[in-house]
Amino acid sequence: MEKDWHSWTVSDCVAELNSNPDGLALGEVAERQRVFGPNLLAEGTKVSLLTVFFNQFRDFMILVLLAATLISGLLGEYTDAITIIAIIILNGILGFVQEVRAERSLAALKELTAPMAKVRRQGQVTEVPARDLVPGDVVLLEDGDRVPADGRIMSCTSFSVEESTLTGESVPVNKQPDLVAAASASLGDRKNMVYMGTMVTRGKAEVLVVATAMDTEMGKIADLMEQSEETVTPLQRRLEELGKFLVWLAIVLTVLVVVTGVLHGHPWVQMFLAGVSLAVAAIPEGLPAIVTIALALGVQRMIKRNAIVRKLPSVETLGCATVICSDKTGTLTQNRMTVQHVYADGVTYQVSGTGYDPHGQFLLGDQVISPSRRPALKSLVEIGAVCNNAVMVERPAEDSVTWTVQGDPTEGALLVLAAKAGFLEPDAVYHRVAENPFDSERKCMSVLVQSEAGVFAFVKGAPDILLNMSKRVLSGGKEQGLTPSIRKTIQTVNEQFASSALRNLGFAYRQFPSLEVASQANWEDDLVFVGMCGMIDPPRDEVYEAIETCRRAGVRTVMITGDHQQTAAAIAKRLCILPEGGEILTGAMMDEMDDHELAAAAKKTCVYARVTPEHKLRIVRALQAGGEIVAMTGDGVNDAPAIKQSDIGIAMGKSGTDVAKEASALVLADDNFATIVAAIEEGRGIYDNIKKFIRYLLASNVGEILTMFIAMLMGLPLPLLPIQILWVNLVTDGLPAIALGVDPIEKDIMHRPPRNVHEGIFAKGMATKILSRGTLIGLSTLAVFLWVRHAYPDNLALAQTMAYATLTMSQLILVFDCRSLDGGIFKRNLFGNLWLIFAVLSSVAMFLATVYVEPLAKVFSTVPLSLSQWVIVLVMAAIPTFALSLRRAGRNAIRPKQAEKSQSRAA
């Protein structure tokens, strides 16, 4: 029976679910998972493998071929009918394997992007897949999380949830854990509950899970939820349109071939079968399947490089990116902050040590200082440790101990600073009463604490913000007025720290006579300024090379940060993002610009400092207004609009919120800028490979059509039998085309400029290459057929066998030429794609079986070829590829010499 959990107290809910604030025991979790099942909404009926297999035979042209096969059987052509059915089944098996493999790849991708949840079990906080939650679990929620199940709020701090997916109300609801609502209260009035699928917009909470899966409110209205739809990329859509065009073109050409053949005296039955076979061969029915598998396999390669693609169309767009707007912290840098300088009471101290190692000293010149003897320094260290939600974790290693931080790296650096000062147990001195979390608008965080010394609000945040909130300063152990001269000194130190690429954080406090007075006051007003610290987050080692790679690839890198202008400039110069003459814009400067002015400034701006997430959206629009294709990174809730607006939204996998990830097209598993560059490289490679097999398939099909069409126009016998046409189509369009889809990325791919987003699939001479290769393949095949007919006029079977061999081998040689979009067969290492070698050898073996295995030779009406005949076949089959490749190689060799001559003349 359904319970009205919102009308129960927290203790009653905990007792009813036999849980406790420390969470469930692991054994109890396993038992409840068995009883309640996974925390997943019911999905629609999945298509069975049998259905997938039979769907391979629903294609229009396959149905036409089956009809033709039936007619063949009725006309007594049983051998042809059985063979054609065998080929159709084999083709169906290949398509089935491709589709299942692609589906499994995409399912694995969906698994990687499945939501996670922080849960407390047996007193330990861990992160688990949301599907593993059970009633009675204690879940920890914070700003940016998507609620993973229905729950009763146990405790919370400044906690708001946006529930529009359930209630339609877009204004976030402020939650109240102590509220006991009426049993009849509507969803919007249940302010002590959270519901699956809603989004946390502010604060933190501990929640007791009361319902999962289909028992949730979301489960009850699952049919009203937006269902995930199969994503079709623009390229797939264009190819689908191309396929429809080719179907009608093939039908017209087939009718012409059949009519021409019958007019020249060929039996209509034979011409009918030849025409249908030619139509099937002419249409690259494998294109959609191969595009899908190429995208799926490419996405899997990207996952191995820590780039998780959430939306397939972004794979195409990646190759078009002209600007990457990257956050500084954690993306360009290591996200391991270290405090290097501390300013308090008019004195600047140096702090030794690196990373999260809690061993180090406070130095004034060469003198070691004890922070406990310096009141302002001691207060600064304590505020930094108490106004803090991070946790230092000691991890034993083989020969030593390593330290890591759970939580924000900046807060981790403050804990390390406190440990160096000997302040190891802040919770033992100060009891936290309440918290006002950091947000990007206020640029500060504060906590209300109580100790033996009294009640205090401890505040940390941007030094300039805290200075504006402060009226006094701690000096000589006493509070004194914050005079203009002291304020100017602090601002100067702030700028000096920032110019050294340090990230600055200010500290202040306010004392209250009692908790009652504090609860009614604004903690972040009338503060006493204590001091500031300067910390640095060093750039990632691999970022230098990644930025240089972007420059070579014609992709501009723009740094976006909330840091001070001087800090941003110093880091940008170190990374070579800010060249001579490059401009920096601050959020304040942007606020004074209209959209047209910002669009003009964005063309030269390399660094945006002191920006809010709202500024990011304007930056994206300004760049897009200038014709740029923008990749934008982000991690917070407020970054989602900019991520969604950008051409390629990129979310951080480690630090990113669920909101940012859901708005993104790409998730960085390691939050690393170099991964963005790797994703662009992979995106370009995937698109290249798709173009390669499109070129290969269409050129091969043009060759097949011209061979038959010209022969019919000339009144010649059929150069290829229907069954031979079908076998060529199967042998050449199958494995080799798939192997092209996994071709290694060309070495110079990141030396090319970005692809124009409006560029068609046949741009840059692609159509010319398809027609020229296809025409030469058709002419070579016909030339061999005519020569054999002239040399052996009574041996039609030999002429057809040699034409069959020439057509097959010319296409299998062409596949190596297609490995390079512009360099020809001589540009790439022949053995650079072992899958292609295997595919071609397999195809050759399948072809030879139809010539030299006697039962198959009878079915295919072929005869064995001599060595001299094979020489003729191979020479003629090589002409379409090698003739044009040699011509192109010669032209490419001449161009540099001509350029040198032009330069020497100019000199």
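In case you missed it, the structure is sitting above this.
Residues numbered from 1 in each chain as written. Predicted model: local features only at pLDDT ≥ 70, side-chain atom pairs only at ≥ 80, totals over all residues. Heavy atoms only, no water.

(A) Fine view of the overall build of the protein chain. Secondary structure summary: the protein chain contains 33 helices and 28 strands in total. The 907 residues of the protein chain split such that 53% are buried. Residue pairs in contact within the protein chain that sit at least 24 positions apart in sequence constitute 71% of those at least 6 positions apart. In the structure as shown, the protein chain presents an accessible area of about 40,400 Å², 57% of it carried by carbon and sulfur atoms. (Helix = DSSP H or I, 4+ residues; strand = E, 2+ residues; numbered from the N terminus. Buried < 20%, exposed > 50% of the residue type's maximum accessible area, 1.4 Å probe, protein only. Contact = heavy atoms within 4.5 Å. Areas by Shrake-Rupley, 256 points an atom, 1.4 Å probe, with all protein chains shown as cover.)

(B) Representation of the pattern of salt bridges in the model. Inspection of every chain in the model, using the stated rule, returns 34 salt bridges. Put simply, Glu682 and Arg301 hold a salt bridge, and the shortest N to O gap is 3.2 Å. Linking Glu682 in helix α26 (residues 673–713) with Arg301 in helix α10 (residues 287–304), this pair joins segments that are 381 residues apart in sequence. Accessibility expressed as a relative area gives 5% for Glu682, which makes it buried. Looking at Arg301, the relative accessible area reads 23%, which means it is partly exposed. Glu382 is paired through a salt bridge with Lys378; the nearest N and O atoms lie 2.8 Å apart. Within this pair, Glu382 and its partner Lys378 are both found in helix α13 (residues 375–386), separated by four residues, close to a single helical turn. For Glu382, a relative accessible area of 10% gives the class buried. (Salt bridge = Lys/Arg side-chain N within 4 Å of Asp/Glu carboxyl O.)

(C) Representation of empty space enclosed by the protein in the model. Tallied over the full model, the rule gives three cavities of 30 Å³ or more. Roughly 40 Å³ of volume is contained in the second largest cavity. If you trace the second largest cavity, you find it lined by Met337, Thr338, Val339, Gly355, Ala413, Val416, Leu417 and Lys420. Elements represented by at least two residues in the lining of the second largest cavity include exactly β10 (338–344) and α14 (409–420). Ranked by residues supplied to the lining of the second largest cavity, first place goes to α14 with four residues. (1 Å grid on protein atoms, 1.4 Å probe; cavity = no way out; pocket = protein on both sides within 12 Å on 5 of 7 lines; lining within 4 Å. Points joined across faces, edges and corners; volume = space filled by probe spheres on them.)

(D) Focus on the environment of Ala739. Here Ala739 is to be found in helix α28 (residues 735–740). Ala739 sits in the buried class, given a relative accessible area of 4%. Dropping the residues within four chain positions of it, Ala739 is found in contact with Asn833, Trp835, Leu836 and Ala839.

(E) View of the sheet that holds strand β24 (residues 583–586). The strand order across the open sheet formed by eight strands is β8-β28-β27-β26-β9-β23-β25-β24, and the pairing between neighbours is mixed. On the outer flanks of this sheet lie β8 (307–309) and β24, each paired with one strand and no other. Between one strand axis and the next, the sheet turns through 20° on average, direction left out of account. Looking at chain direction, β8 and strand β28 (residues 666–668) are connected through three bridges and run antiparallel. Looking at the pairing, Ala307 lines up with Leu668 of β28. Contacting β9 (323–327), β23 (556–560), β25 (605–609) and β26 (630–634), helix α23 (residues 613–625) runs over the sheet at an angle of about 170° to β26. In the packing of α26 onto the sheet, contacts are made with β8, β9, β23, β26, β27 (648–652) and β28, and the angle to β9 comes to roughly 155°. (Pairing = 2+ DSSP bridges. Axes fitted to C-alpha atoms, helices over the stretch in contact; angles between N-to-C directions.)

(F) Representation of the nonpolar core. Within the largest apolar cluster, 124 residues are counted, with the highest numbers of intra-cluster contacts made by Leu666, Phe673, Phe693 and Tyr696. In terms of residues, this core owes the most to one element, α26, which gives 21 residues. Counting residues in each nonpolar core, the second largest holds 40 residues, with Val351, Val405, Ala418 and Val449 among its members. (Core = buried A, V, L, I, M, F, W, Y, C linked by side-chain atoms within 4.5 Å.)

(G) Quick look at the pairing of β23. In terms of residue burial, β23 counts as a mostly covered element, since four of its five residues are buried. Bridge count for β9 against β23 is five bridges, and the pairing is parallel. Opposite Asp327, over in β23, you have Ile560 as the bridge partner. Strand direction decides the pairing type here: β23 and β25, joined by two bridges, are parallel.

(H) Summary view of unusual backbone geometry. We note that Gln122 has phi near 55°; this positive angle belongs to a residue other than glycine. Relative to the helices and strands, Gln122 resides in the loop between β1 (116–121) and β2 (124–129). Judged by its relative accessible area of 47%, Gln122 falls in the partly exposed class. A positive phi angle, near 55°, is found at Arg610, a position not held by glycine.

(I) The arrangement of the packing of α13 against α14 in detail. Two numbers describe how α13 lies on α14: the axes approach to 8 Å, and their chain directions differ by 135°. Relative to α14, α13 is oriented oblique. Crossing angle aside, the handedness with which α13 passes α14 is left-handed. Taken together, the residues of α14 that come into contact with α13 (itself represented by Leu380, Val381, Gly384 and Ala385) are Leu414, Leu415, Leu417 and Ala418. Considering only residue class, the contact of α13 with α14 consists of seven nonpolar, one polar and no charged. (Parallel < 35°, antiparallel > 145°, perpendicular 65-115°, else oblique. Left-handed = near helix turned anticlockwise from the far one by under 90°. Nonpolar A, V, L, I, M, F, W, Y, C, P; charged D, E, K, R; others polar.)

None of the figures reported here should be taken as evidence of function without further support.
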